[in-house]
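Topology and contacts: notes
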Amino acid sequence: MTKPLDATSGRSQQTTPEMAARPSLGIWACSALVVGNIIGSGFYLSPAALAPYGAAALVGWVGMAVAAMCLGLVFARLAGVRPATGGPYAYSSLTADYRAGTTQVFGELGYGLQASGLSFEPFANIAYVNVHTDGFTEKGAAAALSVRGGSDDMTFTTFGLRLATEFDLGTAKATARGLIGWRHAYGDVTPAVVQ
């Protein structure tokens, strides 16, 4: 049995009985799929948006109909290249074994002081953060990525002052708090991914 047209090369090719038994999506089935998706996404609400433009709105509607037919042709070609069920999702679903982990260590020193109803606390803290990702290779579509694993290490230091004061708010007591500080990051401050 000869398949009429190979979607990747434009040549006819021989098919096996297993290949002949696979369902294929033609231009009309794919166009129906696209039109169904467009209807679901509000295609028929566009006349309300285009109404202020009068008869020119028809040009917009015709343009959208032509775009729907073009998308139908794209899906028909995709079905010829990679027969799969599931509509657009089948051509864009990628799988891989994604793994990553984070480690964080934090420490702080501070000393609280009081003076005339005002509390203040000078402080210094340090935090170490490590993010490690394993490499992975996606499978399932032409857009699959292959990414190397890696680690990013950063250390943050903060030096500052915390302030607090209590005051009456009607019959309730309230506390206003504030913090001013300087934070600096060291290490892999610009993470990089190698693909």
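Thresholds, definitions, all that
Residues numbered from 1 in each chain as written. Predicted model: local features only at pLDDT ≥ 70, side-chain atom pairs only at ≥ 80, totals over all residues. Heavy atoms only, no water. Helix = DSSP H or I, 4+ residues; strand = E, 2+ residues; numbered from the N terminus. Buried < 20%, exposed > 50% of the residue type's maximum accessible area, 1.4 Å probe, protein only. Contact = heavy atoms within 4.5 Å. Areas by Shrake-Rupley, 256 points an atom, 1.4 Å probe, with all protein chains shown as cover. Phe/Tyr/Trp six-rings, centres within 6.5 Å; stacked < 30°, edge-to-face > 60°. Lys NZ or Arg CZ within 6 Å of the ring centre and 35° of its normal. pLDDT = per-residue confidence, 0-100. Polar contact = N/O pair within 3.5 Å; in protein donor to acceptor, adjacent residues only side chain to side chain.

**Let's talk about the overall build of the chain**
Along the backbone of the chain there are 5 helices and 9 strands. For the chain, the α and β elements follow one another from N to C terminus as β-β-α-α-α-α-α-β-β-β-β-β-β-β. Of all 195 residues assigned to the chain, the portion counted as buried reaches 16%. Long-range pairs, those at least 24 residues apart, make up 57% of the contacts in the chain between residues at least 6 apart in sequence. Accessible area for the chain stands at about 13700 Å²; split by element, carbon and sulfur atoms hold 64% of it.

**Brief notes about the packing of aromatic side chains**
Enumeration over the complete set of coordinates arrives at 1 aromatic pair. When the centroid spacing of 6.4 Å and the interplanar angle of 15 degrees are considered together, the rings of F159 and W182 count as stacked. Taken together, the residues F159 in strand β8 (residues 150-169) and W182 in strand β9 (residues 172-187) connect sequence positions 23 residues apart. The lysine or arginine in question, R162, covers the ring of F123, its NZ or CZ lying 4.1 Å from the ring centre.

**Brief notes about the confidence of the model for the chain**
The pLDDT averaged across the chain works out to 75; a share of 64% of its residues lies at or above 70. Every residue in residues 1-13 scores below 50 in pLDDT, and together they form 22 contacts with partners more than four places removed in sequence or on other chains. Confidence drops under a pLDDT of 50 for residues 18-22, and excluding neighbours within four residues, the segment shows 3 contacts in the predicted structure.

**Here's the deal with unusual backbone geometry**
For S116, which is not a glycine, the phi torsion comes out positive at approximately 45 degrees. Judged by its relative accessible area of 82%, S116 is exposed.

**Quick notes on the side chain of N125**
Mapped onto the fold, N125 is located in strand β5 (residues 118-133). With a relative accessible area of 11%, N125 lands in the buried category. For N125, the side chain forms a polar contact with the side chain of E108, separated by 3.2 Å. Once residues lying within four places of it in the same chain are set aside, the contact partners of N125 are F106, G107, E108, F156, T157 and T158.

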